Amino acid sequence: MKQRVMTNNILDGVTILDFGHRLPGPLAGKILAGLGARVIKVEDHIFQDPFCAGAFAEFDPSFKDWYQELNGSKEIVRLDFKSSAIKDEIAELLKSCSGVINGLPYKVQVSLGIDSDSISKLSTPLAVVDMKASKESKTAMHDLNALAMTGLLSLHVEGQTKDIVDPPFLPIAGINFGHKVATDLLAVLLKVRESSKSYFHTTYLLESTEEVFNAFWPRNLRGDRTKFLHNGLYPCYSLYKTSDGKYVALAAVEEKFWLEFCEVFNLDIPKEDRFSYQDDKVFDAISKCFLSRTQKDVKKATERHDFCLSLI
């Protein structure tokens, strides 16, 4: 019987050139580096990644931390993109690589020799994923725009009465885009291995947002429903405040978890009522329970139990 070998280095021997910037491309590179690939992030020596230097880094220093988190496991190579020798320098890097994450405008791709025509002429077949905002829309967009244009952001503003509403707590469309780029590049690497030819694929922010997130709010439900398990429809799956102003996350969806939760906190709520949403009685009972305890009290009460209750 063969012994299974578990490893995080399944892409050992694969080298990726990361021409991405800000969030999606660098996240894709980070994911591939985590799988064992050698990832080389290529930047202009003056116009570096905006998270590292320039607009974003200047108005909010936290972007420099993002840059480090996304790129700390990569080799950073900064070149003069205006140099007369830049195509030769890039070509030398391409000789040893298997794939390219391409987040640069087409004119810059041509000037560096990483456009599809230039790469097709190379002797080494490469897997290339190009990143664009949308297949159809020509408007500029960020994460927030993609969420709005797909209709998904209306879930976030449903029921809001504030004049100004904070965006979702993470840039989820951009994060999803980065994961999609990494997944697509792996697929393209397989295609190149199969065909021994360079292969080019484009991944889109808007369409990837629709592809992944629309599954959790299908369009045929949008005229009827805005509340589901994952965004607070049921009492058994929500966030509750404690007496010290902190919060807990309750996700006791399964019957066994609900029964144990009620036992620990002396709640007399029938198992069927964990899905009751037509009135606020169950929500209020659970809220009252947690508002009478500090987060420390909750931690102590649940130390020997496991029913999907977590401190925030």
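Scope of this entry: the structure provided in the associated data block. Think of each chain on its own: its residues are numbered from 1, step by step along the sequence as written. Since the coordinates come from a predicted model, pLDDT governs what is reported: local features require at least 70, and pairs of side-chain atoms require 80 or more to be given and counted, while whole-chain, interface and lining totals use all residues. As a rule here, side-chain values come from all non-hydrogen atoms in the structure, and water together with hydrogens is ignored.

Observations concerning the state of the cysteines
Okay, so step 1: The disulfide criterion used throughout: a pair of cysteine sulfur atoms within 2.5 Å. As enumerated under the stated definition, the model contains zero disulfides in all.
Okay, so step 2: Of the cysteine sulfurs around Cys236, a residue in no disulfide, the closest is that of Cys262, at 10 Å.
Okay, so step 3: A disulfide-free cysteine, Cys308 has its sulfur positioned 10 Å from the sulfur of Cys236, the nearest such atom.

Considerations on the side chain of Asp18
Okay, so step 1: Numbering of helices and strands starts at the N terminus; helices are DSSP runs of H or I of at least 4 residues and strands are runs of E of at least 2. Of note, Asp18 is situated in strand β1 (residues 15-19).
Okay, so step 2: Only protein chains enter the accessibility calculation, which uses a 1.4 Å probe. A residue is then buried if its area is under 20% of the maximum for its type, exposed if over 50%, and partly exposed in between. Residue classification places Asp18 among the buried positions, given a relative accessible area of 0%.
Okay, so step 3: For Asp18, the side chain forms a polar contact with the side chain of Lys74, separated by 2.8 Å.
Okay, so step 4: Here, residues are in contact when the closest pair of their heavy atoms is within 4.5 Å. With residues near it in sequence (within four places) discarded, Asp18 still touches Gly25, Pro26, Gly29, Val39, Ile40, Lys41, Val42, Asn71, Lys74 and Ile101. For the purposes of these results, a polar contact is taken to be a pair of N or O atoms within 3.5 Å, where, inside protein, one atom must be able to donate a hydrogen and its partner to accept one; residues adjacent in sequence count only when each atom of the pair is a side-chain atom.

Considerations on helix α12 (residues 281-291)
Okay, so step 1: For α12, the complete set of buried residues consists of Val282, Phe283, Ile286, Cys289 and Phe290. With its buried residues spanning 130 degrees around the axis, α12 presents them on a single face. Among the exposed residues of α12, those pointing more than 90 degrees away from its buried face are Lys281 and Lys288.
Okay, so step 2: Residues of α12 that are buried sit in contact with β7 (237-241), β8 (247-251), α11 (255-264), α13 (295-301) and β9 (309-311). This arc is taken over the directions from the axis of the helix to the C-beta atoms.

Here we look at the packing of helix α9 (residues 172-195) against helix α10 (residues 205-213)
Okay, so step 1: Lines fitted to C-alpha atoms define the axes here, with helix axes fitted over just the stretch in contact, and angles between the N-to-C directions of these axes take values from 0 to 180 degrees. Following both chains from N to C, one finds α9 and α10 inclined at 95 degrees, their axes separated by 9 Å at the closest point. By the criterion of interaxial angle, the relationship of α9 to α10 is roughly perpendicular. Each of Ile172, Ala173, Gly174, Asn176, Phe177 and Lys180 in α9 lies in contact with α10, whose residues at this interface are Leu205, Ser208, Thr209, Glu211, Val212 and Phe213.
Okay, so step 2: For the contact of α9 with α10, the per-class residue count stands at six nonpolar, four polar and two charged. What sets the label is the angle itself: under 35 degrees gives roughly parallel, over 145 gives roughly antiparallel, 65 to 115 gives roughly perpendicular, and the rest give oblique. Throughout, the ten residues Ala, Val, Leu, Ile, Met, Phe, Trp, Tyr, Cys and Pro are labelled nonpolar, Asp, Glu, Lys and Arg are labelled charged, and all others, Gly among them, are labelled polar.

Some details on the sheet that holds β8
Okay, so step 1: Strand order in this open sheet of three strands is β7-β8-β9, and the pairing throughout is antiparallel. In this open sheet, the two edge strands, each paired with only one partner strand, are β7 and β9. The sheet shows a mean angle of 20 degrees between the axes of neighbouring strands, taken without regard to direction.
Okay, so step 2: Contacting β7, β8 and β9, α12 runs over the sheet at an angle of about 40 degrees to β7. Pairing between two strands is assigned when DSSP locates at least 2 bridges connecting them.

Some remarks on the pattern of salt bridges
Okay, so step 1: Only one rule defines a salt bridge in this text: a Lys or Arg side-chain nitrogen within 4 Å of an Asp or Glu carboxyl oxygen. Enumeration over the complete set of coordinates arrives at twelve salt bridges.
Okay, so step 2: Glu43 is paired through a salt bridge with Arg78; the nearest N and O atoms lie 2.9 Å apart. Placement of Glu43 in strand β2 (residues 38-44) and of Arg78 in strand β3 (residues 75-79) is noted, with a sequence separation of 35 residues between them.
Okay, so step 3: Taking the relative accessible area as the measure of exposure, Glu43 reaches 3% and is therefore buried.
Okay, so step 4: Residue Arg78 is classed as partly exposed on the basis of its relative accessible area, which comes to 36%.
Okay, so step 5: For Glu194, the salt bridge is made with Lys191, and the minimal N-O distance between the two is 3.8 Å. Separated by three residues within a single helix, Glu194 and Lys191 lie in helix α9, roughly one turn from each other.
Okay, so step 6: Owing to a relative accessible area of 35%, Lys191 belongs among the partly exposed residues under this scheme.
Okay, so step 7: Connected via shared salt-bridge partners are Lys41, Glu43, Asp49 and Arg78.

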